[in-house]
Amino acid sequence: MGKDSTIEWTHHTFNPWWGCVKVSPACDHCYAESWAKRVGSDVWGPKSERRFFSDAHWNEPLKWNRDALKVGVRRRVFCASMADVFENRPDLVEPRQRLFDLISATPMLDWLLLTKRIHLVKKLLPKGYSLPPHVWLGTTVENEEYARKRIPYLLEFDTPSVRFVSCEPLMSALDLSPFLLSENGKPRLDWVIAGGESGHGARPMNPAWPEDVQRQCAKAKVPFHFKQWGHWAPATNFEVPHGYPEKKIVHFIKNNRQVSVISVGKTAAGRVLGGKTWDQFPTTRLTA
């Protein structure tokens, strides 16, 4: 959990619990699993127990809500950076209900619920419960296969103020155009986040992939946020030193020409795409 989060697209993070199970290729190098192991928490996998927290932990968002109300500015909360709210386990039923109660008690906070289990959301919501308008509901779509599987479930929801997708880590070319505009020309997805993978074992991303997603969003007038290049960045962004190790260079084809990405680390790689920092956010029907 953290006030003033370092994640570029949120103000705060809140974890109702820690722990999860891997469900798709985006999970292969899960940063949350690595972080949990680093601090000595064995909370990953179907047989591991989840880590729960004290009342003091749960009271923090109430303070954030009061602060937001005081200054008259809404704040975004990324919920469950170390878990998935919609993991289907009996021991999560009660804390998930407590989370929904907390969300209801903090109307000045926009709660970003990002899940890889979007197909389970309706099943796991309490009977008769609808997600309130200050929930932003999103799903991860790392490649074309999972975009086709997950986005239709997301689009079944009308009540969230924002429906969004996170294309991070972006692992292939991705055509979101069928989901960006409806037949009447209005956006179906309200926001798109994209980014490359960071951390140990990070897989390189073809620069053409996020550039194409950005163009699709611009055409549909859907806000686009480029979070990071990750561990690998376009070689054109750097002067590659003579004798740079070949094992730290990967080649792709972009517009019928070879492009290279190099291993430089997340900080050096930065988040400039096409000469611009993309920090677009959706508008909502909610005001302070």
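Look up a bit, the structure's there.
Residues numbered from 1 in each chain as written. Predicted model: local features only at pLDDT ≥ 70, side-chain atom pairs only at ≥ 80, totals over all residues. Heavy atoms only, no water.

Undergrad: Whenever I open this one, the overall build of the protein confuses me. Can you help?
TA: Secondary structure assignment for the protein yields eight helices and twelve strands. Along the longest, intermediate and shortest principal axes, the C-alpha atoms of the protein span 60 × 50 × 40 Å. In the protein, which comprises 288 residues, the proportion classed as buried is 53%. Considering only contacts within the protein whose residues lie at least 6 apart along the sequence, 78% involve residues at least 24 apart. Carbon and sulfur atoms make up 52% of the accessible area of the protein, which amounts to about 14000 Å² in all. Averaging the locations of the 40 positively and 30 negatively charged side chains of the protein gives two centres separated by 2 Å. (Helix = DSSP H or I, 4+ residues; strand = E, 2+ residues; numbered from the N terminus. Buried < 20%, exposed > 50% of the residue type's maximum accessible area, 1.4 Å probe, protein only. Contact = heavy atoms within 4.5 Å. Areas by Shrake-Rupley, 256 points an atom, 1.4 Å probe, with all protein chains shown as cover. Lys, Arg positive; Asp, Glu negative; His and termini not counted. Charge placed at Lys NZ, Arg CZ, Asp CG, Glu CD.)

Undergrad: I tried to follow the pairing of strand β7 (residues 224-228) on my own but got confused; where do I start?
TA: Consecutive side chains of a regular strand alternate in pointing toward one face of the sheet and then the other. Of all the five residues making up β7, five are buried; the element is thus mostly covered by neighbouring parts of the structure. Sheet topology places strand β6 (residues 191-195) next to β7; four bridges connect them, and they run parallel. Bridge pairing in β7 places valine 192 opposite phenylalanine 224. Crossover connection from β6 via helix α7 (residues 208-220) to parallel β7: handedness right-handed. (Pairing = 2+ DSSP bridges. Right-handed = clockwise from strand over helix to strand, strands pointing away.)

Undergrad: Please explain the sheet that holds strand β8 (residues 232-234) as it appears in this structure.
TA: Neighbouring strands of a sheet are bound in pairs by backbone hydrogen bonds; such pairs are parallel or else antiparallel. The strand order across the open sheet formed by three strands is β8-β10-β9, and the pairing between neighbours is antiparallel. With one partner strand each, in any of the chains shown, β8 and β9 (249-254) form the two edges of the open sheet. Averaged over all neighbouring strand pairs, the angle between strand axes comes to 35°, with direction disregarded. The pairing of β8 with strand β10 (residues 257-263) spans three bridges and is antiparallel. Along β10, the bridge assignment pairs proline 234 with valine 261. (Axes fitted to C-alpha atoms, helices over the stretch in contact; angles between N-to-C directions.)

Undergrad: Help me understand the sheet that holds β6, please; the structure alone is not making it clear to me.
TA: Taken together, seven strands build an open sheet; the order of strands is β1-β2-β3-β4-β5-β6-β7 and the sheet is parallel. At either margin of the open sheet sits one strand with a lone partner, and together these are β1 (12-14) and β7. Between one strand axis and the next, the sheet turns through 25° on average, direction left out of account. Bridging between strand β5 (residues 162-167) and β6 involves four bridges; their strand directions are parallel. Each bridged residue has a counterpart across the sheet, and for valine 165 the counterpart in β6 is valine 192.

Undergrad: Mind showing me how you'd approach the nonpolar core here?
TA: Among the nonpolar cores identified, the biggest contains 60 residues, and Trp111, Leu176 and Val192 are the most heavily contacted of them. Setting aside residues no more than four positions away along its own chain, tryptophan 111 makes contact with Phe14, Pro61, Val77, Cys79, Leu99, Leu102, Ile103, Thr106, His134, Val135 and Trp136. Listed in part, the ten residues of the second largest apolar core include Ile7, Leu112, Val162 and Ile193. (Core = buried A, V, L, I, M, F, W, Y, C linked by side-chain atoms within 4.5 Å.)

Undergrad: Just to check I follow, could you spell out the pattern of salt bridges for this structure?
TA: Between side chains of opposite charge, a pair can form as their charged atoms come close. Under the definition given, this model contains 19 salt bridges. Note that arginine 98 is salt-bridged to aspartate 55, the shortest N-O span being 2.9 Å. Residue arginine 98 is located in helix α3 (residues 93-104), and its partner aspartate 55 is located in helix α2 (residues 55-71); the two are separated by 43 residues in the primary sequence. Across the pair lysine 254 and glutamate 211 runs a salt bridge whose closest N-O atoms are separated by 2.8 Å. With a gap of 43 residues between them, lysine 254 in strand β9 and glutamate 211 in helix α7 connect regions that are remote in the sequence. Of the two residues, lysine 254 and glutamate 211, both sit in the buried class. By sharing partners, the salt bridges in this structure join Glu8, Glu168 and Lys227 into a single network. (Salt bridge = Lys/Arg side-chain N within 4 Å of Asp/Glu carboxyl O.)

Undergrad: Even after reading the chapter, I still don't get the packing of α2 against α3, so can you show me in this structure?
TA: Relative orientation and spacing of two packed helices are given, respectively, by the angle between their axes and the distance between those axes. Two elements in contact, α2 and α3, have axes separated by 10 Å at closest approach and are oriented at 30°. Considered as vectors, α2 and α3 are oriented roughly parallel to each other. In the packing of α2 onto α3, the handedness of the crossing is right-handed. Contacts between α2 and α3 involve Asp55, Trp58, Pro61 and Leu62 from the former and Pro95, Arg98, Leu99 and Leu102 from the latter. The class makeup of the residues in the contact of α2 with α3 is six nonpolar, no polar and two charged. (Parallel < 35°, antiparallel > 145°, perpendicular 65-115°, else oblique. Left-handed = near helix turned anticlockwise from the far one by under 90°. Nonpolar A, V, L, I, M, F, W, Y, C, P; charged D, E, K, R; others polar.)

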